[in-house]
Amino acid sequence: MAKKYKSLRGIRDISGAEAAGFNEIISKASELLEKYGYERIFLPVIEYTNLFARSIGEDTDIVSKEMYSFKDKKGRDISLRPEGTAGAVRSLIQADQLSGKIRRKIYYFGPMFRYERPQKGRYRQFYQLGCEVYSFPSPYHDAEIIEIADKLLKLCRVKDYSLGINSLGCAEDRSSYKKAVKKKLEGKVEKLCPDCRRRLKTNTLRVLDCKNSRCREIYQELPGMDDFLCDDCGDYIEKLRQILDSRGVKYSIDSGLVRGLDYYNGPVFEFKVNDSAVIAGGRYNKLVRELGGPDMPACGWGLGMERLVAAANLEPASQKKAALIKVEGGRIETCRRIADNLRNKGISVSEGYEDISTGKKFKITDKNRIVKVVIIGGEEEKNKTVTLRDMETGKQESVPADDVESLARKILAKKILARKTDV
Ligand code: ATP
Ligand code: MG
């Protein structure tokens, strides 16, 4: 059949193993974050455009060329959110949840939209899970969110990831750093890409975020931000390093790290796998104020789900799955009872109610990556047993029908060792 409708370029459907991976990561992350006192919030995917322009920065790649912006039926300028923090801050200010000396810890999950050139790990609709802390600026908070990210990557068994940290200092530090960068690049302006030539005038630090390899090579010779930190900012990052050391979090200092959004100040960080950022974030002490709220420092990170799923080594969900099939002579009541018993043991059981041939039923379980199959037919009814089949090895064994403990244990076991019989 001709496929008449297709999804938009760079906008994917998430299904099968990738969707199972999303589920697994969301559940690991929410359990972990809630243990640290973070609460989930659900935010709109659509906001007024000026919210993003104001927070992320007019001159960032995101706002200047990657936003899905349009007018609604009343001519209002609106955009699909390219990231989660701006909306979170807007929401907390709107609900008066940032006033006084309170601490707020939140996390969110959902789709983000950026009009980028689609490639592996870079899509136009992608999913982020993010967390943020709104509280007085203590390096313990920065360390906490970094530690949570580190734990999450370990829980997802991500191998060979690295953590880079930098400090963007305060406005004064950045101003003297910008001057030094401009000075150093004098005479090299012609060699820079058109975007960087513009950035140099409007938003100097943005040059460091350029993806152009020729520009990047030139920037290698620039001094690091660390030489320009005032005592307070220097002490802050030093304290953060001490806390991370004491908590056993491994990192290295990456003095070229600036992040793609303008609202950051102080510590910023990126967890990378194969040179691609999986979790990235930092501190944004001025953002709440900038968006009309009180003076409320904050820090947070965002995690790219597609990139994390690709890097994770998650336990196959099939381990906890079983299919229950009824063959000739099996009674539906028996099937339903046994299926419920197994569900009560935490096993996902899919029942096939339709009467189709055993071969066909096995094909269905194959498609759904189900390894363990419980078969109930006339013979099993007579003996008050069930037949358990391992689809990978083809091995089968007979188990007493109402010995739920033993049946569940065998389903959850890696392999079942038993005599091989034909079905
Ligand atoms: P990059 O440097 O890779 O473009 P970024 O600095 O734009 O990343 P952030 O805005 O900090 O990324 O978003 C946080 C995380 O979201 C990134 O570390 C990445 O894992 C993921 N991410 C960002 N853009 C995309 C995209 N277009 N497709 C898939 N994941 C993305
Ligand atoms: Mg980007």
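Check the entry above for the structure.
Being a predicted model, the structure only gives us computed values, none of them experimental.

Draft legend 1. Molecular detail of the pairing of strand β13 (residues 348–352). With five bridges joining them, strand β12 (residues 321–326) and β13 adopt parallel strand pairing. The partner of K321 across the bridge, within β13, is S348. Running through helix α12 (residues 332–344), the crossover from β12 to the neighbouring parallel element β13 is right-handed.

Draft legend 2. Spatial organisation of the pattern of salt bridges. All told, the structure shown has 32 salt bridges when counted by the stated rule. Of the charged contacts, one joins E351 and R336 as a salt bridge, the two residues approaching to 3.2 Å between their closest N and O atoms. Highlighted residues: E351 in strand β13 and R336 in helix α12, separated in sequence by 15 residues. For E351, a relative accessible area of 12% gives the class buried. Residue class for R336 comes out partly exposed when judged on its relative accessible area of 38%.

Draft legend 3. Seen up close, the sheet that holds strand β8 (residues 252–253). The strand order across the open sheet built from eight strands is β1-β5-β6-β11-β10-β9-β7-β8, with neighbouring strands paired in mixed fashion. With partners counted over all chains shown, the strands left at the sheet margins are β1 (39–40) and β8, one partner each. Bridge analysis of strand β7 (residues 161–167) against β8 gives two bridges, and the strand direction is parallel. When the sheet's bridge partners are listed, G164 is paired in β8 with S252.

Draft legend 4. Expanded view of unusual backbone geometry. Phi angles above zero are rare outside glycine, and D96 is one such case at about 55°. With respect to the helices, strands and loops of the structure, D96 is situated in the loop between α4 (85–94) and β5 (104–113). Its identity is not glycine, yet R157 carries a phi of approximately 50°, on the positive side. Along the polypeptide, R157 turns up in the loop between α5 (139–155) and β7. What makes R157 partly exposed here is its relative accessible area of 45%.

Draft legend 5. Expanded view of the packing of α12 against helix α15 (residues 404–412). For the pair α12 and α15, interaxial distance at closest approach is 10 Å and the crossing angle is 70°. The pairing of α12 with α15 is recorded here as roughly perpendicular in orientation. Helix-helix and strand crossings are classified by hand; for α12 and α15 the assignment is right-handed. Across the interface between the two elements, I338, N341 and L342 from α12 touch V404, L407, A408 and I411 from α15. Taken together, the residues of the contact of α12 with α15 sort by class into six nonpolar, one polar and no charged.

Parameters at a glance
Residues numbered from 1 in each chain as written. Chains lettered and ligands numbered in written order. Predicted model: local features only at pLDDT ≥ 70, side-chain atom pairs only at ≥ 80, totals over all residues. Heavy atoms only, no water. Pairing = 2+ DSSP bridges. Helix = DSSP H or I, 4+ residues; strand = E, 2+ residues; numbered from the N terminus. Right-handed = clockwise from strand over helix to strand, strands pointing away. Salt bridge = Lys/Arg side-chain N within 4 Å of Asp/Glu carboxyl O. Buried < 20%, exposed > 50% of the residue type's maximum accessible area, 1.4 Å probe, protein only. Axes fitted to C-alpha atoms, helices over the stretch in contact; angles between N-to-C directions. Parallel < 35°, antiparallel > 145°, perpendicular 65-115°, else oblique. Left-handed = near helix turned anticlockwise from the far one by under 90°. Contact = heavy atoms within 4.5 Å. Nonpolar A, V, L, I, M, F, W, Y, C, P; charged D, E, K, R; others polar.

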